[in-house]
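What follows is the residue order along each chain.
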Amino acid sequence: MGRVDERVPCAGEMRSWAGGFVARVTARNRLPLDYSVASLRVVDFLIDGLRKGEAERERVRDPLFGLGAYVGEVLVRRAGAVWVDFDADQRAYFGEPVGVRMPDGRVWNPLGKVCNRFDLGGPGESLQTFYLTLHGRARRAVA
């Protein structure tokens, strides 16, 4: 997925990137993007809508990046994750510049998970299921 507006944001910018995306998409629509685990069903629905429109991934690159930032921010707020800049090996493996590190030290790639949902679809790529089965979450919600 990589670049948005021809620039790759760093980990320190992802919270504001997600917030800007939410502000843009909720300004015209009443989408319940409130950083809750339940809102990940909305993300699944939005990605499925992009797929049904038969858009090529490159044409929906920016919305997919925004959705990936949103999913990552849900992990930060609800699972105790922190945004991290991937090192060279992680960038090569995940194909993305940033991801999240869970409280147990595991790293995850929410930007890539969103792309997988777009490319593959189906319940096996659900972002809500991803969260609910995610290893390394904090035991209680983080505000």
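We now turn to the structure provided with this report. Keep in mind that what you see is a predicted model, and the values were worked out from it rather than measured.

Once that is clear, we can look at the packing of helix H2 (residues 39-52) against helix H3 (residues 61-79). Viewed as axis vectors pointing N to C, H2 and H3 meet at an angle of 165°, and their least axial separation amounts to 11 Å. Considering their axes alone, H2 and H3 lie roughly antiparallel with respect to each other. The way H2 lies across H3 gives a crossing that is left-handed. Contacts from Ser-39, Leu-40, Val-43, Leu-46, Ile-47 and Leu-50 of H2 reach H3 at Pro-63, Leu-64, Leu-67, Tyr-70, Val-71 and Val-74. Of the residues belonging to the contact of H2 with H3, the class tally is 11 nonpolar, one polar and no charged.

In spatial order, the strands read S1-S2-S3; together these three strands make up an open sheet with antiparallel pairing. Where the open sheet ends on each side, the last strands, each with one partner, are strand S1 (82-85) and strand S3 (107-108). Across four bridges, S1 lies against strand S2 (residues 98-101) in antiparallel orientation. Each bridged residue has a counterpart across the sheet, and for Trp-83 the counterpart in S2 is Val-100. Of the strands in this sheet, S1 and S2 are in contact with H3, which crosses S1 at around 125°.

Once that is clear, we can look at the packing of aromatic side chains. Throughout the structure, instances matching the rule amount to five aromatic pairs. Taking 5.6 Å as the distance between ring centres and 75° as the angle between the ring planes, the aromatic pair formed by Trp-17 and Phe-65 counts as edge-to-face. Separated by 48 residues along the polypeptide, Trp-17 in helix H1 (residues 14-28) and Phe-65 in helix H3 bring together distant segments of the chain. Each ring, one from Trp-108 and one from Phe-130, has its centre 5.9 Å from the other, and the planes form 75°; the classification is edge-to-face. Here the residue Trp-108 occupies a position in strand S3, and Phe-130 occupies one in helix H6 (residues 127-132), the gap between them amounting to 22 residues. Looking at Trp-108, the relative accessible area reads 23%, which means it is partly exposed. Here a set of aromatic residues connected by ring pairs shows up, and it is made of Phe-86, Tyr-93 and Phe-94. Taking NZ or CZ as reference, Arg-77 lies 3.7 Å from the ring centre of Tyr-35, over its face.

About the cut-offs
- Residues numbered from 1 in each chain as written.
- Predicted model: local features only at pLDDT ≥ 70, side-chain atom pairs only at ≥ 80, totals over all residues.
- Heavy atoms only, no water.
- Axes fitted to C-alpha atoms, helices over the stretch in contact; angles between N-to-C directions.
- Helix = DSSP H or I, 4+ residues; strand = E, 2+ residues; numbered from the N terminus.
- Parallel < 35°, antiparallel > 145°, perpendicular 65-115°, else oblique.
- Left-handed = near helix turned anticlockwise from the far one by under 90°.
- Contact = heavy atoms within 4.5 Å.
- Nonpolar A, V, L, I, M, F, W, Y, C, P; charged D, E, K, R; others polar.
- Pairing = 2+ DSSP bridges.
- Phe/Tyr/Trp six-rings, centres within 6.5 Å; stacked < 30°, edge-to-face > 60°.
- Buried < 20%, exposed > 50% of the residue type's maximum accessible area, 1.4 Å probe, protein only.
- Lys NZ or Arg CZ within 6 Å of the ring centre and 35° of its normal.

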